[in-house]
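# Descriptive structure summary
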Amino acid sequence: MLALIIAGEAIFLLPFILMRVFKPIIREAFVISDAQIGEAQALYGITAVISYFFGGFIADKWEARKLLSLSLILTAIGGFWMTVIPSINTLKVLYAFWGVSTILLFWASLIKATRQWGNKHNQGLSFGLLDGGRGFFAATIALSGAAILSFFFPTNAIDITFENKVQTLQYIIGTITAIVFLVALFVWFVLPKEKEQITSSNEFQFNFKQAFDLMKQPKVIYHSFIIFCAYSAYKLTGTYGTYAKDVWNYSIEESTYFAVFIQYLRPIAAITVGWIADKFIPSKLIIPCFSILILASSILGFGFLGNQALYFSFTCFVLMAFGTYSLRGLYFAIIEETKIPIQLTGTLVGIISVVGFTPDIFMSLFIGYMLGKNPTIAEYQNLYSLFAIIPIIGLIASLAFRKSIK
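### Topic: the overall build of the protein chain
For the protein chain, the count of helices and strands is 18 helices and zero strands. For 406 residues, the compact-globule formula gives about 22 Å, and the C-alpha radius of gyration of the protein chain, at 20 Å, lands near that figure. For the protein chain, the C-alpha atoms occupy an extent of roughly 65 × 45 × 35 Å along the three principal directions. Taken across its 406 residues, the protein chain has 58% of its residues classed as buried. With an accessible surface of roughly 16,200 Å², the protein chain has 67% of that area assigned to carbon and sulfur atoms. Taking the average place of the 28 positive charges on the side chains of the protein chain and the average place of its 21 negative ones, the gap between the two points comes to 10 Å.

Below is the structure:
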């Protein structure tokens, strides 16, 4: 399980965690806007969505150890490419490549291996440990990066040059890339070989009929929308650090530490709620999580707190993060409630991921264009007020899912 946890987050350190935690300095070192970052991540989403579907079939056919290790190696190669601080067009190509390298051979295989690790009575804890452990690993890596920023950019520093920013970012990217390579080796040597190997007579083929039969089931449709809404909320966490810089006037260092603090809420929320879910029913706990998101995003978006003093908005961000990370620990735990056979787990994950993770295509782009080049509190309020629609949809999908499995 430890290998799955570390691999499950290491694969996304470069395309996601790096940008989520270090976006302020990335914007300055690459001389790009939030909108351009969104365009690059939209290309990731397009290639990833295609990869989700076919990756599900692959996960049901081949050994997880080989698939996970190869994905990590390919992703790390992209990290070396990023250390040269390429142009925005090259960065877009890189993100499109990462959409394939991080998903096609990896995602469905990871979820299937986690489901197999747990049993039908502790799926909440299994997926809570997976996402919570991933969150702790990501936050620790981010904290190390923040320490690098503190070393190069002390709070009282003056005359910080552009070259300093670029060099510091290269250290951060290079370190993370090396970690991804090491994790690939760790996974290869730690994950056990599967007992039943696929023989040459068992030819690989895409069972589209089986997939379409699953697609037509209402519980699968509602499950897809639950993931869609929860993942949209997760994508929004990338704005927390920039909000601290743009609205609270935090320094690059301070806003980075705030983003790291938010990351450390992930293991607390995912593991705690996952453990509680096994005492009750995972799908029941999804409902209050979406309700928290609706409340907190509405307060931030519609200005119900007047001028939104720092401690009020800080509390809202903590609530949103807790609700979001709780959902991440739950939305695959409810697979067991669908009663889909375990041998079809990869195919099912591929199907629900196609819809569930489409925010990779549009969410970063949407955030970038909503915030513009020099966002103020007004742009952030517009963003959060529009976002409030998404958890409302998630709440409706959760109630419908509960009804469909009874």
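### Some words on empty space enclosed by the protein
Applying the stated criterion across every chain, the model contains four cavities of 30 Å³ or more. Surrounding the largest cavity, 14 residues form its lining, K23, Q41, K235, G238 and S364 being those nearest its centre. The set of elements that each furnish at least two residues to the lining of the largest cavity consists of α1 (2–30), α2 (34–59), α10 (238–246) and α16 (359–371). In this structure, the second largest cavity spans a volume of roughly 120 Å³. As for the second largest cavity, its lining consists of 13 residues, of which F12, R134, Y231, Y234 and R328 are closest to the centre. Secondary structure elements with two or more residues in the lining of the second largest cavity: α1 and α9 (218–236).

### Brief notes about the nonpolar core
Core analysis: the largest hydrophobic core is formed by 125 residues, its most contacted members being L13, L72, W107, F332 and Y384. Per element, the largest residue contribution to this core is 20 residues, and it comes from α1. Each residue touching L13, except ones within four places of it in the same chain, is listed here: L18, F137, A138, I141, I176, I179 and V180.

### Topic: the packing of α10 against helix α11 (residues 252–279)
Packing of α10 against α11 leaves a shortest axis separation of 8 Å and a crossing angle of 145 degrees. Seen along the crossing, α10 lies across α11 with a hand that is right-handed. For the pair α10 and α11, the contacting residues are Y240, G241, A244 and K245 in the first and I252, S255, F258, A259 and I262 in the second. Residue composition of the contact of α10 with α11, by class: six nonpolar, two polar and one charged.

### Examining the packing of α9 against helix α12 (residues 282–302)
Interhelical geometry of α9 versus α12 gives an angle of 40 degrees and a closest axis separation of 12 Å. Relative to α12, α9 is oriented oblique. The handedness of the crossing between α9 and α12 comes out as left-handed. Here α9 contributes I226, C229, A230 and A233 to the contact with α12, which in turn contributes I286, F290 and L293.

### Overview of the side chain of T242
With respect to the helices, strands and loops of the structure, T242 is situated in helix α10. In this structure T242 comes out as buried when scored by relative accessible area, which is 1%. If we skip the residues at most four places from it in the chain, T242 touches K23, P24, R27 and Y380.

### Structural notes on α12
In this model, α12 (21 residues) spans 31 Å end to end at C-alpha, consistent with the 30 Å of a helix rising 1.5 Å per residue. Two residues or fewer past α12, G303 is found with a positive phi of approximately 65 degrees.

### Examining the environment of K406
Note that K406 resides in the segment after α18 (389–404). Sequence separation between K406 and A76 is 330 residues; the distance between their C-alpha atoms is 44 Å.

### A few points about the state of the cysteines
Enumeration over the complete set of coordinates arrives at zero disulfides. We note that C229 lacks a disulfide partner, and the nearest cysteine sulfur, in C289, lies 13 Å from it.

Conventions we followed
- Residues numbered from 1 in each chain as written.
- Predicted model: local features only at pLDDT ≥ 70, side-chain atom pairs only at ≥ 80, totals over all residues.
- Heavy atoms only, no water.
- Helix = DSSP H or I, 4+ residues; strand = E, 2+ residues; numbered from the N terminus.
- Rg over C-alpha atoms; globule rule 2.2 N^0.38 Å.
- Buried < 20%, exposed > 50% of the residue type's maximum accessible area, 1.4 Å probe, protein only.
- Areas by Shrake-Rupley, 256 points an atom, 1.4 Å probe, with all protein chains shown as cover.
- Lys, Arg positive; Asp, Glu negative; His and termini not counted.
- Charge placed at Lys NZ, Arg CZ, Asp CG, Glu CD.
- 1 Å grid on protein atoms, 1.4 Å probe; cavity = no way out; pocket = protein on both sides within 12 Å on 5 of 7 lines; lining within 4 Å.
- Points joined across faces, edges and corners; volume = space filled by probe spheres on them.
- Core = buried A, V, L, I, M, F, W, Y, C linked by side-chain atoms within 4.5 Å.
- Contact = heavy atoms within 4.5 Å.
- Axes fitted to C-alpha atoms, helices over the stretch in contact; angles between N-to-C directions.
- Left-handed = near helix turned anticlockwise from the far one by under 90°.
- Nonpolar A, V, L, I, M, F, W, Y, C, P; charged D, E, K, R; others polar.
- Parallel < 35°, antiparallel > 145°, perpendicular 65-115°, else oblique.
- Expected span 1.5 Å × (residues − 1).
- Disulfide = S-S within 2.5 Å.

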